[in-house]
Amino acid sequence: MKIKELYRRFRAWQINPFHYENHSTHTEHCVNCGTEFQSNFCPVCGQKAGVGPISWKSVRQGLMIIWGMDSRSLGFSIVQLLLRPGYLINDYISGKRLVSFPPVKMLLIVAIVMMMANAIIHNSDIEKEIVNKSSTDLFSNWAGNNPGWAMMAVSSLFLLPTWLLYRNAPKHRKHTLPEGFFIQVFMATLFALIGAISILTKSLFVLIFMPIYYLVAYRQLFGYSWWGTLWRLCICGWGAATIVLNLQELGNHLLHFETVPIKSLLYADGTTLFLMMIGVLIEFRSRKQ
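Heads up: these notes are all about the structure in this document. (Residues numbered from 1 in each chain as written. Predicted model: local features only at pLDDT ≥ 70, side-chain atom pairs only at ≥ 80, totals over all residues. Heavy atoms only, no water.)

1. Concerning a nonpolar patch on the surface
Step number 1: Together, Tyr7, Phe10, Phe76, Val79 and Leu83 make up an exposed nonpolar region whose accessible area comes to about 440 Å².
Step number 2: Sorting the residues of the nonpolar patch by element identifies helix 1 (3–15) and helix 3 (74–83) as the ones contributing at least two each.
Step number 3: Tallying contributions element by element places helix 3 first for the nonpolar patch, with three residues.
Step number 4: Structurally, Phe10 can be placed in helix 1. (Patch = residues over 30% accessible without salt bridge, like charges linked within 9 Å, V, L, I, M, F, W, Y side chains within 5 Å. Areas by Shrake-Rupley, 256 points an atom, 1.4 Å probe, with all protein chains shown as cover. Salt bridge = Lys/Arg side-chain N within 4 Å of Asp/Glu carboxyl O. Helix = DSSP H or I, 4+ residues; strand = E, 2+ residues; numbered from the N terminus.)

Now the structure itself:
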C-alpha cells in the first residue's frame with residue numbers, strides 16, 4: 001500500500017476514529033430486568049445486550065475495569081492523545097464525554113507513573129529535600145511530591161492567554177474558561193507522558209516534543225493555519241512566562257526572600273502587553289479583509 005494512501009487513512013482516523021452502529025438487529029431480552037428491546041443496551045437498567053454466561057472474557061474484563069481499562073480505556077485514550085491530541089480535546093469539550101478516559105483522573109495516573117519512573121531510574125527519594133532560597137524552590141519541592149497537580153498548575157498558566165488569543169478561532173468560537181480548563185488538563189497529561197518517556201529513555205531530546213505537541217494540538221483544536229497558530233502560541237508562552245515571573249515576585253515578597261529587579265517585571269509585563277496588542281491588530285486586520 002502506498003504511503004500516500006496510508007497517510008490518507010491515518011488522517012481520516014484522526015478526524016473520526018469512532019463508528020457507532022446499532023449491532024442489535026433483533027429483539028433482545030435483558031437478563032437483569034426482563035425488558036424486551038432492540039438496541040445495544042437495555043433502556044431501563046442500562047445492561048449491555050447479549051450478556052451470556054461467565055467466561056474467560058468476563059474474567060479479563062473484570063480485571064481490566066480495576067485499572068480503568070473498560071469502555072473508556074486509559075490506554076486507548078493515551079494513544080489518542082499522542083496521535084490526535086487536538087481532535088480528542090475537540091471531541092471531549094464538544095460534548096462527546098465517552099470518547100476519553102476521565103481527563104483529570106488520567107492526568108493523576110500518568111503523573112504517578114512519571115514519579116515512579118523518576119524514583120526507579122534515579123534511585124532517589126521522592127521527597128528529596130530542597131534548600132528553600134526562593135519561592136521557586138518551594139514550588140520545586142512541592143512539585144516533586146505532587147507531579148500531577150504541578151503539571152496542572154504549569155499548564156493552567158496558558159489558560160487565560162489561550163482564552164484571549166483563540167476566542168475567535170474558526171473552531172470553538174467564544175470558547176469558555178471551563179472548556180479551557182479541560183484543554184489544559186489534556187495538555188498537562190501530554191507533558192506528563194513526555195516527561196515519563198524522557199525519564200525512562202534518559203534522553204532530554206524527547207522534551208523538544210512538548211512545544212511541538214502544543215502547536216499540533218492547538219492547530220487541530222482551533223483550526224487556524226500553522227502560522228496563525230504559531231504566533232498566537234508564542235504570545236501565549238510569553239504571557240505564561242510573565243505570569244510566572246509575577247507570581248515568583250509576589251511569593252518572594254510574602255516569604256521575605258530575595259526579590260527580582262522591578263525593571264525586569266516592567267519589561268516583561270510591557271512586552272507581553274505589546275505582543276497582545278500586535279496580535280489583536282493582526283487578527284482585526286485579517287477579519288476585516
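2. Remarks on the packing of helix 9 (residues 177–201) against helix 10 (residues 209–222)
Step number 1: Helix 10 packs onto helix 9 with a crossing angle of 150° between their chain directions and a minimal axis gap of 10 Å. When the axes of helix 9 and helix 10 are compared, the pair comes out roughly antiparallel. For the crossing formed where helix 9 meets helix 10, the hand is right-handed. Note on element contacts: helix 10 touches helix 9 through Phe209, Met210, Tyr213, Tyr214, Ala217, Tyr218, Leu221 and Phe222, opposite Ile183, Gln184, Met187, Leu190, Phe191, Ile194 and Gly195.
Step number 2: For the contact of helix 9 with helix 10, the residue count by class is 13 nonpolar, two polar and no charged. (Axes fitted to C-alpha atoms, helices over the stretch in contact; angles between N-to-C directions. Parallel < 35°, antiparallel > 145°, perpendicular 65-115°, else oblique. Left-handed = near helix turned anticlockwise from the far one by under 90°. Contact = heavy atoms within 4.5 Å. Nonpolar A, V, L, I, M, F, W, Y, C, P; charged D, E, K, R; others polar.)

3. Notes on the packing of aromatic side chains
Step number 1: Under the defined criterion, the tally for this structure stands at 11 aromatic pairs.
Step number 2: When the ring of Tyr92 is compared with that of Phe182, the centres are 5.7 Å apart and the planes differ by 50°; the resulting orientation is tilted. Here Tyr92, found in helix 4 (residues 85–93), pairs with Phe182, found in helix 9; they are 90 residues apart in sequence, far enough to count as distant.
Step number 3: Overall, the relative accessible area of 28% leaves Phe182 in the partly exposed class.
Step number 4: Look at Phe191 and Tyr214: their rings are 5.5 Å apart centre to centre, the planes differ by 70°, and that puts the pair in the edge-to-face class. In this pair, Phe191 sits in helix 9 while Tyr214 sits in helix 10, placing the two residues 23 residues apart along the sequence. In this structure, Phe191 and Tyr214 share a single accessibility class: buried.
Step number 5: An aromatic cluster is present here, built from Phe158, Tyr166, Phe191, Tyr214, Tyr218, Phe222 and Tyr224 joined pairwise through their rings.
Step number 6: Its end group placed over the ring of Tyr92, Arg97 keeps NZ or CZ at 5.2 Å from the ring centre. (Phe/Tyr/Trp six-rings, centres within 6.5 Å; stacked < 30°, edge-to-face > 60°. Buried < 20%, exposed > 50% of the residue type's maximum accessible area, 1.4 Å probe, protein only. Lys NZ or Arg CZ within 6 Å of the ring centre and 35° of its normal.)

4. So, the environment of Thr242
Step number 1: With respect to the helices and strands, Thr242 occurs in helix 11 (residues 226–255).
Step number 2: The class for Thr242 is buried, based on a relative accessible area of 7%.

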